[in-house]
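The residues making up each chain are set out below.
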2 protein chains.
Amino acid sequence: MPRFTHPRLEDVPLDLALHALADPNRLGMVARLASTEGLSCSDAAPCEAIPKSTLSNHLKLLRAAGLIETAQAGREMINTLRRDEFDRRFPGLLDAVLANTSS
Amino acid sequence: MPRFTHPRLEDVPLDLALHALADPNRLGMVARLASTEGLSCSDAAPCEAIPKSTLSNHLKLLRAAGLIETAQAGREMINTLRRDEFDRRFPGLLDAVLANTSS
DNA sequence: TTCAACAGTTCAATATTCCCGAACTATTAA
DNA sequence: TTAATAGTTCGGGAATATTGAACTGTTGAA
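Overview of the structure. (Residues numbered from 1 in each chain as written. Chains lettered and ligands numbered in written order. Predicted model: local features only at pLDDT ≥ 70, side-chain atom pairs only at ≥ 80, totals over all residues. Heavy atoms only, no water.)

## Quick look at the side chain of R82 of chain B
Residue and element names in this part refer to chain B. To keep things clear, this is the line we draw: Comment: elements are numbered from the N terminus, with helices defined as DSSP H or I runs of at least four residues and strands as E runs of at least two. Burial classification: accessible surface area is computed with a 1.4 Å probe over protein chains only, and a residue below 20% of its type maximum counts as buried, one above 50% as exposed, and the rest as partly exposed. Any two residues whose heavy atoms approach within 4.5 Å at even a single point are treated as in contact.
On the secondary structure map, R82 appears in the loop between β3 (76-81) and α5 (83-89). Residue R82 is classed as buried on the basis of its relative accessible area of 7%. Not counting chain neighbours up to four residues away, the residues in contact with R82 comprise H6, P7, L9, G66, L67, I68 and E69.

## Remarks on helix α1 (residues 14-21) of chain B
Rules: Starting at the helix axis, one direction is taken to each C-beta atom, and the arc is that of these directions.
Those residues of α1 of chain B not exposed but buried are L14, A17, L18, A20 and L21 of chain B. Projected down its long axis, α1 of chain B shows its buried positions confined to an angular sector of 160°, all on one face.

## Here we look at the packing of aromatic side chains
In plain terms, the rule: Here the aromatic set is Phe, Tyr and Trp, taking the six-membered ring for Trp, and pairing holds for ring centres within 6.5 Å; pairs whose planes are under 30 degrees apart are stacked, those over 60 apart are edge-to-face, and all others are tilted. As a reminder, the over-ring test applies to NZ of lysine and CZ of arginine, requiring each to be within 6 Å of the ring centre and within 35 degrees of the ring normal.
In the structure shown here, the tally under the stated rule is two aromatic pairs over all chains. A cation over a ring is seen here: R63 of chain A above F4 of chain A, with NZ or CZ 3.9 Å from the ring centre.

## Topic: helix α2 (residues 24-34) of chain B
All names here are of chain B. Using the following cut-off: Any pair of nitrogen or oxygen atoms within 3.5 Å is treated as a polar contact; in protein, a donor-acceptor pairing is required on top of that, and neighbouring residues in sequence qualify only through side-chain atoms on both sides.
Among all positions of α2, only R26, L27, M29, V30 and L33 are buried. The arc that holds the buried residues of α2, viewed along the axis, is 160°, so those residues lie on one side. Where α2 begins, the capping side chain belongs to D23, and its oxygen is found 2.9 Å from the backbone nitrogen of N25.

## Focus: the interface of chain A and chain B
To keep it simple, the criterion reads: Buried area is calculated as the accessible area (1.4 Å probe) missing from two parts once they are joined, with the contributions of both summed. Note that Gly is not counted as nonpolar here; it falls among the polar residues with everything else outside the nonpolar set of Ala, Val, Leu, Ile, Met, Phe, Trp, Tyr, Cys and Pro and the charged set of Asp, Glu, Lys and Arg.
At the junction of the two partners, chain A supplies 19 residues and chain B supplies 19 residues. Taken together, the two surfaces of chain A and chain B that pack against each other cover about 1500 Å², and 66% of this comes from carbon and sulfur. Broken down residue by residue, the surface that chain A buries against chain B is led by L14, L18 and N100 of chain A, which jointly contribute 33%. There are four residue pairs in polar contact (both at pLDDT 80 or more) connecting chain A and chain B. Of all the secondary-structure elements, those providing two or more residues to the side of chain A that touches chain B are α1 (14-21), α2 (24-34) and α6 (93-99) of chain A. With five residues, α1 of chain A is the single largest residue contributor to the side of chain A that touches chain B. Among the residues forming the side of chain A that touches chain B, the class breakdown is 11 nonpolar, five polar and three charged.

## Quick notes on the state of the cysteines
Residue and element names in this part refer to chain A. Basically, it comes down to this: Cysteine sulfur pairs qualify as disulfides if the two atoms are within 2.5 Å.
The tally for this structure, following the rule as stated, stands at zero disulfides over all chains. Here C41 is not cross-linked by a disulfide; its sulfur's nearest cysteine counterpart is in C47, at 15 Å. You can call C47 partly exposed: its relative accessible area is 38%.

## What to know about the packing of α2 of chain A against helix α4 (residues 52-64) of chain A
All names here are of chain A. Here is the rule: Axes, fitted as lines to C-alpha atoms, cover a helix only where it is in contact. Angles between the N-to-C directions of the axes lie from 0 to 180 degrees. Each angle receives one of four descriptions, namely roughly parallel if under 35 degrees, roughly antiparallel if over 145, roughly perpendicular if within 65 to 115, and oblique otherwise. By the definition used in this description, the sense in which the near helix is turned from the far one sets the handedness, with an anticlockwise turn below a right angle giving left-handed and a clockwise turn giving right-handed.
Their axes nearest at 10 Å, the elements α2 and α4 cross at an angle of 70°. Judged on the interaxial angle alone, α4 and α2 are roughly perpendicular. In the packing of α2 onto α4, the handedness of the crossing is right-handed. On the side of α2, the interface is formed by N25, R26, M29 and V30, while α4 contributes L55, H58, L59, L61 and L62.

Printed below as a string of structure tokens:
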């Protein structure tokens, strides 16, 4: 069973966080997660077409950037945004990014 | 002589802008440019060690992301931040990023 | 005028990173 | 048990990034 490692936010450098957000698919996932309580990997996917290994890698990257945490629930993995922690680490950043996702 | 193309900001997608910022060297350059009127390429460099071809590529990428504009002045190229235009395109984004550069 | 030095770009080869199919692990339901 | 489901990991090809070398254009000096 996969046991995930979630970084402490103070160990996440800004450029890693920006890199995680600098991809349309990941950005779409973050936007989705921002408006829900928690989503399985496949439900977090931005579209049907994306292969699941790619999806898994995107989520791993979001985890490494401190943006999401993943918990196992049965055979699903539930992903949630680490909103408060991320906001404390990078004040205003996620708000600014999300506010610009629809343009 | 190099004649640069500067994109219209409305043609710059968010992920390209984030990608441009998601690199320590480029981020450092943007931060520098944010606190000056205009800098030659070599003066904009974040450190001595970076090769000039690499530097040139970083600046090209920043140009493509609508973050800077470059004008020839003698044998130098003067780079300036397209602050107002960028802010109009992505409100609050650059502020949020710059506010987090020193952590 | 040349000529040399300078600021930066472009090119091409190497190095790095990313993507995704295939194989695998773990969990649940039958 | 077995089959189906949900997702991870691995490995190789595709795409990007880095950088030395050669080049373009500009300036100042002889």
